[in-house]
Every structure is written in structure tokens, then in C-alpha cells.
Amino acid sequence: MSELLHKQIQQLPKVELHSHLEGCIQPELVRAIAERNGISLKNGLFTTDDMFAWSNFVEFLQAYDEASFCLRKAQDYRDIMYTYMAQCAAEGTIYAETFISPDHAAAVGMSYDDMLSGCVEGINDAERDFGIVGRLIVSCIRHLGPEQAVVVAQQLADNPHPYIVGFGMGGNESMFTQADFAPAFNIAFAAGFACTTHAGEVLGPESVWDAIDNLPVTRIGHGVRSAEDPTLMLELAERGIALEVCPGSNIALSVYPDLASHPLNKILQAGISTSLNSDDPPFFATTVGAEYQSGAQDFGLDLEQLRNISRMAMKASFADVNTKTRLLAVIG
Ligand code: ADE
Ligand code: ZN
């Protein structure tokens, strides 16, 4: 790739729709927060070259839980949000939606209000300092089950905030079905929240069918394994359901052996609304900027195609109409 294209991509306005706040904590910040909260971190959380240590999907989720375990105060959430947004803004990101998990906060005795107020402060400080706009998606955790998901959805419905724009679900895709979570999603949707769910990442196209047939979702987290089913690809394109694609995450978690096997281009060619995202940046040694650079380097996308990805992402975002219109004008 030419130096010029690299620079042009650096400057391109970017939109991130899929990152997990608890998965955005850099090892250095985990240590700083753990120390100030007087918490000792589990031995073996980091590798010798200061990355998170894990070697499969379940271990990844465990390392992610362990990093979250040291978060005890609103300030901790503020600092993670601010650091993450500052890094996104430095790469040209103008808008970012981040999943937050009330279950992780509750597990260490933190209230929903403290978690939220920290995130809101981080978003406000980042917008003031870097101009980036941040919004939140409250996420339930699939492996905690459908009943706990209802608790999270009801808490969301009872405590609206202008920065919370959606409801989502992450966690271990091999437990329960998407349909099991319809009661939770229906509560959030009825309360006015747009919805997305992780599907078609670990499991195949049937998991995406399960999601779009049973949940009020307009986006799918990952959804890349839809590429194995041509009928599903047509359905996603026709219904305008957007995929939050995270190629670096997919390689790190061995969904595909390498980027050459990744279906990003197939998805784009099918006319499906697509965004490029980091998922859990320090866990997967990636960033949204790196994903856009990889779009050119590994998938042969040109600047206009990458700009169109930013446009599709902004349109598929859960932001209000005024924010969408204003930021779409910035993308050009
Ligand atoms: N939580 C954080 N990252 C995730 C991923 N890639 N899949 C499912 N749950 C997650
Ligand atoms: Zn994710």
C-alpha cells in the first residue's frame, strides 16, 4: 500500500459501532486502576510482552472478566472511556458506540448509576477535548441466561439516558438460543431502544436466522458467518440489516485462519450495510484505525470504498437523526 493511501486513510473520518468498554482497557490502565483500588490481579493475566493472556474464546471471556473485576468506581469507567475515545479520535474516529455491561459492574457491587455516570463523564470529556461523539449500548451477557437479560433490559427501560441509544447482547454464543432472549429484547425495543446482538461469530448462519427471525434487531454483531448462506445474505441486504464486522477480532479468535479467508469483500459485494470495528482492541491487538488500514492492505479496498463504509456505519448507527445528519456531512 502506498504511503499516500496510508495517510489518506489515517485522515478519513471513521465510525466505530462495535466495541466493548470492558474490552477496551489497556493492560497499563488495568494495573493502574487495580492498584488504586487495592486489588491484586490474577497471576498470568498478561503475557511477557504485556498483552492479555488467553488462547481460546472461553479463556478470552475469562481474561475480559478478570480485567473488569478491578473496576470499582465511576472514575474507573470514566478513565477507560476517555482513554479509548482519545485513541479513537487520534485515528480520525468521529463517532463511537460502545457496549457497557451492567452485569460486570453489579458483579463487583457497583451500581448502574455509578457505572453510567463514569461513562457519561468520559464521553463528555472526550468530546470536549477531541470532538469525538460517543454513545452507549447496554449489553446483557448471553451465558448469564435469559432471565438475567430481562433484569438488564428492564433496568435500561427504567433508567433512560440520552447517551444510551441501544440494547445488545454479547457473551458465549454456544449457550441458549437467540429466541430465548426475545423477552429481554422486546422490553428494550418497546422502551424505544434500537437493538443488536452478537450472532454468526462462533456459530454459523443458523444463529443469524435465529436472531433476525426472533429479535427486533436492525444490526448484528459480527454476522460474518452469514456469508455461508446465500439466501441469508439476500435477506440481510433486502431488510437493510447491518453487520458490525470486526476482522481482526475474527482472526484473533480463530473464526477464520487468516484474512485471506475472511468474507468481508463477499459481504460488501452482496450489498449488505457494513461497518469496520475493533471489538476488544487490546485483547486482539487492533484498533478501529488498524481495521480501516487492513481494509486497504488485506482486502484491497480503496479510499472511496472505505469512506462508504463510514457512511454505511453512520447510517446504521443508533444516533439520533440530527447527530447522524451532522456527522454524515463530515464524512462527505
Ligand atoms: N464480549 C466481548 N467481546 C465479545 C465477542 N467478540 N464475542 C462475544 N462476546 C464478546
Ligand atoms: Zn463484540
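Worth saying up front: this structure is predicted, and the values here are computed from it rather than measured.

Undergrad: Outline the sheet that holds strand 1 (residues 14-20), supporting the account with residue identities and numerical values.
TA: Consider a sheet: its strands pair through backbone hydrogen bonds, and that pairing is either parallel or antiparallel. Across the sheet, eight strands lie side by side as 1-2-3-4-5-6-7-8; this open sheet has parallel pairing. In the strand order of this sheet, the two ends are held by strand 1 and strand 8 (274-276), each with one partner. This sheet shows a mean twist of 25° between the axes of neighbouring strands, independent of strand direction. The pairing of strand 4 (residues 164-170) with strand 5 (residues 194-199) spans two bridges and is classified as parallel. Within the sheet, the bridge partner assigned to Gly166 lies in strand 5 and is Ala194.

Undergrad: Just give me the short version of the nonpolar core, but keep the residues and values in it.
TA: Among the nonpolar cores identified, the biggest contains 93 residues, and Phe60, Leu136, Phe167, Ile220, Phe283 and Leu306 are the most heavily contacted of them. Tallying contributions element by element places helix 4 (residues 74-90) first for this core, with eight residues. Apart from the residues lying within four places of it in its own chain, the contact partners of Leu136 are Met81, Thr98, Ile100, Leu116, Cys119, Ile123, Tyr163, Ile164, Val165 and Gly166. Val15, Tyr95, Val133 and Ala313 belong to the second largest nonpolar core, which has 12 residues in total.

Undergrad: Describe the pairing of strand 2 (residues 93-100), listing the residues and the values that go with them.
TA: Most of strand 2 sits inside the fold, with eight of its eight residues counted as buried. Where strand 1 and strand 2 come together, five bridges link them in parallel fashion. For His20, the partnering residue across the bridge sits in strand 2 and is Phe99. Alignment of strand 2 against strand 3 (residues 133-141), held across six bridges, turns out to be parallel.

Undergrad: I'd like a rundown of the coordination of the zinc ion (ligand 2), residues and numbers included.
TA: Taken together, the protein ligands of the zinc ion (ligand 2) are His18 (NE2), His20 (NE2), His198 (NE2) and Asp279 (OD), with distances of 2.1 to 2.2 Å. Here the zinc ion (ligand 2) is ringed by four donor atoms whose angles at the metal span 88 to 171°, and the overall shape comes out irregular. Counting along the primary sequence, the residues that act as donors to the zinc ion (ligand 2) give the motif H-x1-H-x177-H-x80-D. For His20, a relative accessible area of 8% corresponds to the buried category.

Undergrad: Mind laying out unusual backbone geometry, listing which residues take part and the relevant values?
TA: A positive phi angle, close to 60°, is found at Asp50, a residue other than glycine. The partly exposed category is assigned to Asp50, whose relative accessible area is 33%. For Phe176, which is not glycine, the phi dihedral falls at a positive 65°. Relative to the helices and strands, Phe176 resides in the loop between strand 4 and helix 8 (182-190). You can call Phe176 partly exposed: its relative accessible area is 39%.

Undergrad: Help me get a handle on the environment of Ala149, residues and values and all.
TA: Among the structural elements, Ala149 can be located in helix 7 (residues 146-158). Residue class for Ala149 comes out buried when judged on its relative accessible area of 1%. A C-alpha to C-alpha distance of 23 Å links Ala149 and Val120, two positions 29 residues apart in sequence. With near-sequence residues (within four places) excluded, Ala149 lies in contact with Cys140, Phe167, Phe181 and Ala184.

Undergrad: I'd like to hear about the site of ligand 1, residue by residue, with values.
TA: For ligand 1, the full set of nearby residues is His20, Phe57, Phe60, Tyr64, Gly170, Gly171, His198, Glu201, His222, Leu253, Asp279 and Asp280. Within the side chain of Glu201, a nitrogen or oxygen atom sits 2.8 Å from a nitrogen atom of ligand 1. At 2.7 Å, a side-chain N or O of Asp280 approaches a nitrogen atom of ligand 1. When ligand 1 sits alone it has 260 Å² of accessible area, and the protein chains cover 98% of it. The dominant element in the shell around ligand 1, judged by the number of residues it contributes, is helix 3 (residues 57-68), at three residues. Among the residues making up the shell around ligand 1, the classes are represented as four nonpolar, five polar and three charged.

Undergrad: Run through the packing of helix 4 against helix 6 (residues 112-130), naming residues and quoting values.
TA: Closest axis-to-axis distance for the helix 4/helix 6 pair is 7 Å, and the angle between their directions is 30°. For the pair helix 4 and helix 6, the sense of crossing is right-handed. Contacts from Ala74, Tyr77, Arg78, Met81, Tyr82, Met85, Ala86 and Ala89 in helix 4 reach Asp114, Met115, Ser117, Gly118, Cys119, Glu121, Gly122, Ile123, Asp125, Ala126, Asp129 and Phe130 in helix 6. Looking at the contact of helix 4 with helix 6, its residues break down into 12 nonpolar, three polar and five charged.

Undergrad: Describe the packing of helix 15 (residues 303-316) against helix 16 (residues 321-331), and please don't skip the residues or the numbers.
TA: Contact pair helix 15 / helix 16: the axes reach a minimum separation of 10 Å and the direction vectors enclose 175°. Comparing their axes, helix 16 and helix 15 come out roughly antiparallel. Residues Arg307, Ser310, Arg311, Met314 and Lys315 of helix 15 pack against Thr323, Lys324, Leu327, Leu328 and Ile331 of helix 16. Among the residues making up the contact of helix 15 with helix 16, the classes are represented as four nonpolar, two polar and four charged.

Undergrad: Please give an account of the pattern of salt bridges that cites residues and values.
TA: Per the stated rule, a full pass over the model turns up 13 salt bridges. Of the charged contacts in the structure, one is a salt bridge between Asp125 and Arg128, with a shortest N-O distance of 3.3 Å. Here Arg128 and Asp125 lie together in helix 6, a separation of three residues that amounts to about one turn. The exposure class assigned to Asp125 is buried, which follows from its relative accessible area of 12%. We classify Arg128 as exposed; its relative accessible area is 59%. Among the salt bridges present, the one from Arg219 reaches Glu244, with a minimum N-O distance of 2.7 Å. Taken together, the residues span a long stretch of sequence, with Arg219 in strand 6 (residues 219-222) and Glu244 in strand 7 (residues 242-245) at a distance of 25 residues. Judged on exposure class, the residue Arg219 and its partner Glu244 are both buried. Linked by salt bridges that have partners in common, Arg36, Asp76, Arg78, Asp79, Asp125, Arg128 and Asp129 make up one network.

What counts, and at which threshold
- Residues numbered from 1 in each chain as written.
- Chains lettered and ligands numbered in written order.
- Predicted model: local features only at pLDDT ≥ 70, side-chain atom pairs only at ≥ 80, totals over all residues.
- Heavy atoms only, no water.
- Pairing = 2+ DSSP bridges.
- Helix = DSSP H or I, 4+ residues; strand = E, 2+ residues; numbered from the N terminus.
- Axes fitted to C-alpha atoms, helices over the stretch in contact; angles between N-to-C directions.
- Core = buried A, V, L, I, M, F, W, Y, C linked by side-chain atoms within 4.5 Å.
- Buried < 20%, exposed > 50% of the residue type's maximum accessible area, 1.4 Å probe, protein only.
- Contact = heavy atoms within 4.5 Å.
- Donors = N, O, S within 2.8 Å, 3.2 Å for Na, K, Ca; no water.
- Tetrahedral: all angles 85-135°; square planar, octahedral: opposite > 155°, others 65-115°.
- Near = heavy atom within 4 Å.
- Polar contact = N/O pair within 3.5 Å; in protein donor to acceptor, adjacent residues only side chain to side chain.
- Areas by Shrake-Rupley, 256 points an atom, 1.4 Å probe, with all protein chains shown as cover.
- Nonpolar A, V, L, I, M, F, W, Y, C, P; charged D, E, K, R; others polar.
- Left-handed = near helix turned anticlockwise from the far one by under 90°.
- Parallel < 35°, antiparallel > 145°, perpendicular 65-115°, else oblique.
- Salt bridge = Lys/Arg side-chain N within 4 Å of Asp/Glu carboxyl O.

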